[in-house]
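In case you want the letters, here they are:
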Amino acid sequence: VVLEEEDLSVASPATVSRCGMVYVDPKNLNYEPFIGKWCNGRENKEEAGVLRSLFDKYMVKCVEFCLEGVDDEVIGKMLS
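Conventions we followed
- Residue numbering note: each chain is counted from 1, following its sequence as written.
- Two thresholds apply to this predicted model, a pLDDT of at least 70 for residue-level local features and 80 or more for giving and counting side-chain atom pairs, whereas whole-chain, interface and lining totals are computed over all residues.
- Where side-chain values are given, they derive from all heavy atoms of the structure, hydrogens and water being excluded.
- Helix and strand definitions here come from DSSP, where helices need a minimum of 4 consecutive H or I residues and strands a minimum of 2 consecutive E residues; each element is numbered from the N-terminal end.
- A simple rule labels every residue: compare its accessible area, found with a 1.4 Å probe on the protein chains alone, to the largest value its type can have, and call it buried under 20%, exposed over 50%, or partly exposed in between.
- Each accessible area is a Shrake-Rupley estimate made with a 1.4 Å probe; only the visible protein chains count as cover when residues are assessed.
- Each nonpolar core is a collection of buried residues, namely Ala, Val, Leu, Ile, Met, Phe, Trp, Tyr and Cys, held together in the definition by side-chain atoms within 4.5 Å.
- For this analysis, a salt bridge means a side-chain nitrogen from Lys or Arg found within 4 Å of a carboxyl oxygen belonging to Asp or Glu.

Caption draft 1: The overall build of the protein chain, seen in detail. The helix and strand inventory of the protein chain stands at three helices and two strands. The order of α-helices and β-strands along the protein chain, N terminus first, is α-α-α-β-β. In the protein chain, buried positions account for 11% of the 80 residues. Accessible area of the protein chain: about 7,200 Å², with a carbon and sulfur share of 57%.

Laid out in structure tokens, this is it:
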């Protein structure tokens, strides 16, 4: 039996497990897989390493600042 699903978000967990696959909803993924794929696709591997280290150093702080650092349009905390 071959089943082709366009969108597994409507499938039950039992259906997914019977097919022998693991489904991860894209909403539960963070940005790291996308950044990793983008960096791995760079032709210059040295550049990819530098970009990856910059993302590791700054991205979490920037995301936290955007989500938690602004309270009613007032900056509540500074990046460290």
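Next comes the rest of the write-up.
Caption draft 2: Region of the structure containing the nonpolar core. Tyr31, Ile35, Cys39, Ala48 and Leu51 form the largest nonpolar core, which has five residues in total. Elements with a minimum of two residues in this core: α2 (32-40) and α3 (45-68).

Caption draft 3: Geometry of the pattern of salt bridges. Taken as a whole and judged by the stated rule, the model has one salt bridge. Residue Arg42 is joined to Glu47 by a salt bridge in which the shortest nitrogen-to-oxygen separation is 3.0 Å. Note on Arg42: relative accessible area 25%, which makes it partly exposed. Taking the relative accessible area as the measure of exposure, Glu47 reaches 33% and is therefore partly exposed.

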